[in-house]
Amino acid sequence: MAAPPDTELSSALSLELLPTDPLLLILSFLDYRDLVSCCYLNQRLNQLSSHDPLWKRHCKKYWLISEEEKSRRNQSWKAIFTSTYSDFGRYIHCYATLKKAWDDLEKYLGQWCPRMISSLKESAREEELDAVEAQIRCKLPDDYRCSFRIHNGQKLVVPGLMGSMALSNHYRSEDLLDIDTAAGGFQQRLGLKQCLPLTFCIHTGLSQYMALESVEGRNKYEIFYQCPDQMARKPSTIVMFITGTSYLEWFTSYVNEVVTGGYPIIRDQIFRYVHDKKCVATFFFFTVSVSTSFLPELSSVHPPHYFFTYRIRIEMSKDALPEKTCQLDSRYWRITNAKGDVDEVQGPGVFFFLEITGEREFPIIGPGKVYEYTSCTTFSTTSGYMEGYYTFHCLYYKDKFFNVTIPRFHMFFFLFKVSTA
């Protein structure tokens, strides 16, 4: 049997001749760009591509519009998609990711750090972002602009949205700067050319910067802490502790740590301690866990001096008998740096600083009680680890002493690079 003429074959396979239901099913697999293109092919496809349920998926995927939001706005799915696109269209590749991060963060803060919610600023307008670009004569990355269209940073308050850290004689809390404050701190000096501050601590003056151009050895949009090179002849020579490769990666990874409980909430603040789930030791009715943090503001590469803080959590099972109540007497530490050099610290009469009361005492731990404290150490190498044990004595049996293992925990610092300024 001979094949039909080409004209007959093309007519038989023409999409517009398909029944409505299978054609709508085909259109439901198209991206929004292709769906819009269909509007210009012919009258039938124009009508079908405007079928409202087709736009529901795109509204949810790109703009995170819920059924409740649609009802509140009292608009069709297509109208919502179109109006939102007219406002946020240039950010469609990153809007959903950043909006979800902000939504998750607000929900978490509302439950655990409610006073921090009031420090968040309303969204910035496109004209404000354009004006800042004209002021600093640099383009802002779309992911940064998009985030600030959702929330324009926060007020300069304590606690800061981007995390805190506290020792007995040192405190840091980083605010996420609003766009105008960030523009006011834009750097053009040697060593920090074309760098925009993202965060600021009013106690230490510490900031994280974003490089808006690839100059002085930095990659474009890289985020870092600056660290002056104390051994360089030129004061403009700095070392950069890298904290992110882009604003999107930097912000969303931080939010993920917060909302998944990776960072503890202490006194209504987010503390940037990293907990290794493998770093837990159990001894009968005791559980000891450790989290650590690198402090760039107290560290340097030249000379090599890397400052770490660690947080120890000691918990006695609630099922332990009351006579198991005991008091902490001393500790033993074995501290090893990346070269294998070992320091040992041991001694009785160790007192612990209580974060809440500010008092110093030998903690007493009973059934169901948790004790936490913070301390610090330094390394001359870029990494190291600690391990050891605590010595307790029973309060009911004065002559009974025992040791509880402190699991080995490793400490690593941020990647760094040297400025070519």
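This is a predicted model, so every value here is computed, not measured.

### Quick word on the overall build of the protein
Now for step 1: What the protein contains, in helices and strands, is 13 helices and 22 strands.
Now for step 2: Against the globule reference of 22 Å for 421 residues, the protein gives a C-alpha radius of gyration of 29 Å, more extended than a compact globule.
Now for step 3: Once the C-alpha set of the protein is aligned to its principal axes, its extents read approximately 100 × 60 × 50 Å.
Now for step 4: In the protein, which comprises 421 residues, the share counted as buried stands at 47%.

### Points about a nonpolar patch on the surface
Now for step 1: Together, L156, V158 and I202 make up an exposed nonpolar region whose accessible area comes to about 240 Å².
Now for step 2: For I202, the position within the fold is in the loop between β5 (199–200) and β6 (208–211).
Now for step 3: Residue I202 is classed as partly exposed on the basis of its relative accessible area, which comes to 44%.

### Describing the packing of helix α8 (residues 95–112) against helix α11 (residues 142–150)
Now for step 1: With their axes 10 Å apart at the nearest point, α8 and α11 run at an angle of 45 degrees to one another. The orientation of α8 with respect to α11, classified from their angle, is oblique. The two elements α8 and α11 cross, and the hand of that crossing is right-handed. Across the interface between the two elements, Y95, L98, K99 and W102 of α8 pack against D143, C146, S147 and I150 of α11.

### With respect to the nonpolar core
Burial of nonpolar side chains together is a common tendency in soluble globular proteins.
Now for step 1: Of all hydrophobic cores here, the largest spans 61 residues; its most connected members are L140, Y144, L161, L176, Y247 and F251.
Now for step 2: Here this core gets 7 residues from one element, more than from any other, and that element is α8.
Now for step 3: Taken together, domain 1 (21–90) and domain 2 (95–260) each give at least three residues to this core, which thus spans both.
Now for step 4: Other than its neighbours up to four places away in sequence, L140 contacts L129, V132, E133, R145, I179, L196 and L212.
Now for step 5: By size, the runner-up hydrophobic cluster in this structure holds 38 residues, among which are Y225, V288, M386 and Y390.

### So, the sheet that holds strand β22 (residues 416–418)
Now for step 1: Strands sit in the order β4-β6-β7-β8-β22 across an open sheet of 5 strands; the sheet is antiparallel. The sheet is open, and its two borders are formed by β4 (195–197) and β22, each paired with just one other strand. The average angle at which neighbouring strand axes cross in this sheet is 40 degrees, direction not considered.
Now for step 2: In this structure, β6 lies alongside strand β7 (residues 223–228), joined through 3 bridges in antiparallel fashion. When the bridges of β7 are listed, Q208 appears paired with Y225.
Now for step 3: Running at roughly 65 degrees to strand β8 (residues 238–244), helix α13 (residues 247–259) makes contact with β6, β7 and β8 of the sheet.

### Looking at the packing of helix α5 (residues 53–63) against helix α7 (residues 77–88)
Angle between the axes and distance between the axes: these two values describe a pair of packed helices.
Now for step 1: Viewed as axis vectors pointing N to C, α5 and α7 meet at an angle of 35 degrees, and their least axial separation amounts to 8 Å. Here α5 runs over α7; the crossing is left-handed. Where α5 approaches α7, its residues W55, K56, H58, C59, K60, Y62 and W63 are matched on the opposing element by W77, K78, I80, F81, T84, Y85 and F88.

### Comments concerning the side chain of E133
Now for step 1: Among the secondary structure elements, E133 is positioned in helix α10 (residues 126–136).
Now for step 2: Exposure remark for E133: the relative accessible area of 9% places this residue in the buried category.
Now for step 3: Among all residues touching E133, those that are not within four sequence positions of it are C138, K139, L140 and R145.

### Quick look at the sheet that holds strand β13 (residues 306–316)
Now for step 1: Pairing within the open sheet is antiparallel, and its 4 strands lie in the order β11-β12-β13-β19. At either margin of the open sheet sits one strand with a lone partner, and together these are β11 (274–283) and β19 (370–379). Within the sheet, the average angular offset between the axes of one strand and its neighbour, ignoring direction, is 20 degrees.
Now for step 2: Pairing of β11 with strand β12 (residues 286–294), which is carried by 6 bridges, proceeds in the antiparallel orientation. Directly across from A281, in β12, lies its bridge partner V288.

Here is what the cut-offs are and how they apply
Residues numbered from 1 in each chain as written. Predicted model: local features only at pLDDT ≥ 70, side-chain atom pairs only at ≥ 80, totals over all residues. Heavy atoms only, no water. Helix = DSSP H or I, 4+ residues; strand = E, 2+ residues; numbered from the N terminus. Rg over C-alpha atoms; globule rule 2.2 N^0.38 Å. Buried < 20%, exposed > 50% of the residue type's maximum accessible area, 1.4 Å probe, protein only. Patch = residues over 30% accessible without salt bridge, like charges linked within 9 Å, V, L, I, M, F, W, Y side chains within 5 Å. Areas by Shrake-Rupley, 256 points an atom, 1.4 Å probe, with all protein chains shown as cover. Salt bridge = Lys/Arg side-chain N within 4 Å of Asp/Glu carboxyl O. Axes fitted to C-alpha atoms, helices over the stretch in contact; angles between N-to-C directions. Parallel < 35°, antiparallel > 145°, perpendicular 65-115°, else oblique. Left-handed = near helix turned anticlockwise from the far one by under 90°. Contact = heavy atoms within 4.5 Å. Core = buried A, V, L, I, M, F, W, Y, C linked by side-chain atoms within 4.5 Å. Domains from an automatic or database assignment. Pairing = 2+ DSSP bridges.

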